[in-house]
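What follows is each chain in one-letter form.
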Amino acid sequence: MTSSSYPSRRQVMLALPVATAMVYSGSGFGQTGPIKFGGTLPLTGGNASIGKVAQATMQLWLEDVNKRGGLLGRKVELVIYDDQTNPTITPGLYTKLIDVDKVDMLVGTGTNLIAPAMPLIIERKKLMMGNLALGLNDQFKYDKYFQMMAYGPNGKDELARGFFEVAAKLTPRPQTVALVGADSEFANNALEGARNHAKRLGFRVVYDKSYPPNQVDFSSVVRAIAAVKPDLIFAGSYVADSSGLIRAAAEIKLKATMFGGAMVGLQVAALKQQLSGVINGLVNYELYLPEPSMQFPGIKEMITRYRTATAGQGLDALGFYVPPTTYAQMQVLEQAITTTKSLKDDVLAEHIHKTTFKTVAGDVKFGPGGEWAEPRILMTQFQKVNGKELGQFDQPGTQVILYPEKFKSGNLITPYPIGG
């Protein structure tokens, strides 16, 4: 595909919500032109629900920074292109952002969507502030790459670490574990981490199988797991199969000491509502919960504004999963630019590497590879879900944090299902 195959900036901007293309003006701004933050988001395609939430959150930050007078006395603009959840077109879109739009800062979301553009970004020596990207810089080792999901320096192990650390402290100690997941990149990475932790902590793997990504009926999968009677069941799954596995487990009355792990979808309002009380007892990863241990400055206000701004748009109605790290993604760049008084990629990268940032997602310090210096993937348990009312998920104790210890807000209840 040649660069001429890509839509023009006008075509793309007209296809986006008006807010994305909005240009702010005001007497407090300098006259040297806007500072442009640019990138791609999956606004259509398979990851559109994530991309649209990220876009709405970036827009909140844009409004905030311009109300404060912009950056370096200049207004700020966002130039966001729809990558259609298609990795093959992102290199061309980032070429346009750098060469045609002349953006000052690059931002992006998603491992598979940022990775194809990295050779170009490295060649042009541009700083990239990504989000929701797992282990992307392991192969590039680029000193101007940073990302805001709290995997830490050993990302593939972190989605499973909390699950096994919690299990290892139980009395009596569980002995066996079943591993199951979709045959896809995310799930395979999560299961690789689960194998590492099972071996490290001495759990015996009695089931280790993947299913096709397009699997629909999970009854046979769950029955096969139940037949080996594992103490622990760790799953790596996407939204549809997370729902399928949980419903099948409820249907056959699956029992275990712990069930859950790296199940995508349970972090957002829609699936929490659909499954309702069926998810009680599940142990699963999260990035943020409104538990007392995570009341970072500004987080509650930001989520409230996100909910108001996106009401009626069909987006995640809770805003716990994508908005905190997306807003923090923009805050880090804002603070770096304000402190250094520079837009030079080298200057900003050096500053970001050595600075701890105060964000709505808490304190953020980056390690040498651009990941968080310390991981903060939460392992949680649903305990008091009752009905479909969303307000319950704002209440402490509905879904408690089990790990890490620093943010722990409750204790594990066993066995699964609770009260079963």
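Keep in mind the model is a prediction, meaning the values are calculated, not measured.

A. Region of the structure containing the overall build of the chain. Each helix and strand in the chain was counted, giving 15 helices and 14 strands. Against the globule reference of 22 Å for 420 residues, the chain gives a C-alpha radius of gyration of 22 Å, in line with a compact fold. The dimensions of the chain, computed from C-alpha atoms along their principal axes, are 70 × 45 × 40 Å. Scored against the burial criterion, the 420 residues of the chain give a buried share of 58%.

B. How the structure looks around the pairing of strand S11 (residues 356-359). Alternating residues of S11 divide into Phe357 and Thr359, all buried, and Thr356 and Lys358, none buried. As defined by bridge partners, S11 adjoins strand S12 (residues 362-365) across 4 bridges and the pair is classed as antiparallel. Bridging from a neighbouring strand, Thr356 pairs with Lys365 of S12. Remark: 2 residues form the turn of the hairpin made by S11 and S12, two consecutive strands paired antiparallel.

C. Geometry of the sheet that holds strand S5 (residues 145-147). Overall, parallel pairing links the 5 strands, which are arranged S2-S1-S3-S4-S5 in an open sheet. Whereas interior strands pair on both sides, the edge strands pair on one side only; in this sheet they are strand S2 (76-82) and S5. Pairwise comparison of adjacent strand axes, ignoring direction, gives a mean angle of 20° for this sheet. Bridge analysis of strand S4 (residues 128-130) against S5 gives 3 bridges, and the strand direction is parallel. If you follow Met128 over to S5, its bridge partner there is Tyr145. Packing against the sheet, helix H15 (residues 345-353) makes contact with strand S3 (105-108), S4 and S5, and its axis sits at approximately 45° to S5.

D. Region of interest: the packing of aromatic side chains. Using the criterion set out here, one finds 13 aromatic pairs in the structure. An aromatic cluster is built from Phe163, Phe164, Phe203 and Phe234, whose rings are joined through pairwise contacts. Taking the ring centre of Phe407 as reference, the NZ or CZ of Arg376 above it sits at 5.5 Å.

E. Summary view of the pattern of salt bridges. Inspection of the entire model under this criterion finds 15 salt bridges. Two residues, Lys75 and Glu77, come together in a salt bridge whose shortest N-O distance is 3.7 Å. Accessibility expressed as a relative area gives 19% for Lys75, which makes it buried. When the shortest N-O distance is used, the salt bridge between Arg124 and Asp99 registers 2.4 Å. Taken as a pair, Arg124 in the loop between helix H6 (118-123) and S4 and Asp99 in helix H4 (residues 90-99) lie far apart in primary sequence, 25 residues in all. Beyond isolated ion pairs, a larger network of salt bridges with shared partners links Glu63, Asp64 and Arg305.

F. Representation of the environment of Gln55. With respect to the helices and strands, the residue Gln55 is situated in helix H3 (residues 48-67). On a C-alpha basis, the gap between Gln55 and Thr40 in space is 9.6 Å, while along the polypeptide they are 15 residues apart.

G. Local environment of the environment of Lys126. Position of Lys126 relative to the elements: it lies in the loop between H6 and S4. Between the alpha carbons of Lys126 and Asp346 there is a distance of 8.3 Å; along the sequence they are 220 residues apart. Those residues in contact with Lys126 that sit more than four places away from it in its chain are Ile98, Val103, Asp104, Leu106, Ile121, Tyr142, Lys144 and Asp345.

H. Just H15, in detail. For H15, the set of buried residues is Asp345, Leu348, Ala349, His351 and Ile352. The buried residues of H15 occupy an angular sector of 165° when projected down its axis, which confines them to one face. Seen from the open side of H15, the exposed residues pointing more than 90 degrees away from its buried face are Asp346 and Glu350. Check the buried side of H15 and you find it contacts S3, S4, S5, helix H14 (323-340) and S11.

I. Quick look at the sheet that holds strand S10 (residues 283-286). Ordered by their spatial adjacency, 7 strands build an open sheet running S7-S6-S8-S9-S10-S13-S14, and the pairing between neighbours is mixed. Two strands bound the open sheet, and with one partner strand each, they are strand S7 (204-211) and strand S14 (399-403). Between one strand axis and the next, the sheet turns by 25° as a mean value, whatever way the strands run. Pairing analysis gives 7 bridges linking strand S6 (residues 176-182) to S7, with the strands arranged parallel.

J. Seen up close, the packing of H3 against helix H13 (residues 299-310). Contact geometry of H3 with H13 gives a least axis separation of 10 Å together with a crossing angle of 115°. The orientation of H3 relative to H13 falls into the category roughly perpendicular. The element H3 and its partner H13 pack so that their crossing is right-handed. Along its contact with H3, which presents Val53, Ala56, Thr57, Leu60, Glu63 and Asp64, the element H13 presents Met302, Arg305, Tyr306, Ala309 and Thr310. Looking at side-chain class alone, the contact of H3 with H13 contains 6 nonpolar, 2 polar and 3 charged residues.

K. Just H14, in detail. The first and last C-alpha atoms of H14 sit 26 Å apart over 18 residues, in line with the 26 Å expected at 1.5 Å per residue. Of all 18 residues that make up H14, 14 are buried, and the element is covered over most of its length. Looking at the residues trailing H14, positive phi occurs at Lys341, about 55°.

Thresholds applied
Residues numbered from 1 in each chain as written. Predicted model: local features only at pLDDT ≥ 70, side-chain atom pairs only at ≥ 80, totals over all residues. Heavy atoms only, no water. Helix = DSSP H or I, 4+ residues; strand = E, 2+ residues; numbered from the N terminus. Rg over C-alpha atoms; globule rule 2.2 N^0.38 Å. Buried < 20%, exposed > 50% of the residue type's maximum accessible area, 1.4 Å probe, protein only. Pairing = 2+ DSSP bridges. Axes fitted to C-alpha atoms, helices over the stretch in contact; angles between N-to-C directions. Contact = heavy atoms within 4.5 Å. Phe/Tyr/Trp six-rings, centres within 6.5 Å; stacked < 30°, edge-to-face > 60°. Lys NZ or Arg CZ within 6 Å of the ring centre and 35° of its normal. Salt bridge = Lys/Arg side-chain N within 4 Å of Asp/Glu carboxyl O. Arc of directions from axis to C-beta. Parallel < 35°, antiparallel > 145°, perpendicular 65-115°, else oblique. Left-handed = near helix turned anticlockwise from the far one by under 90°. Nonpolar A, V, L, I, M, F, W, Y, C, P; charged D, E, K, R; others polar. Expected span 1.5 Å × (residues − 1).

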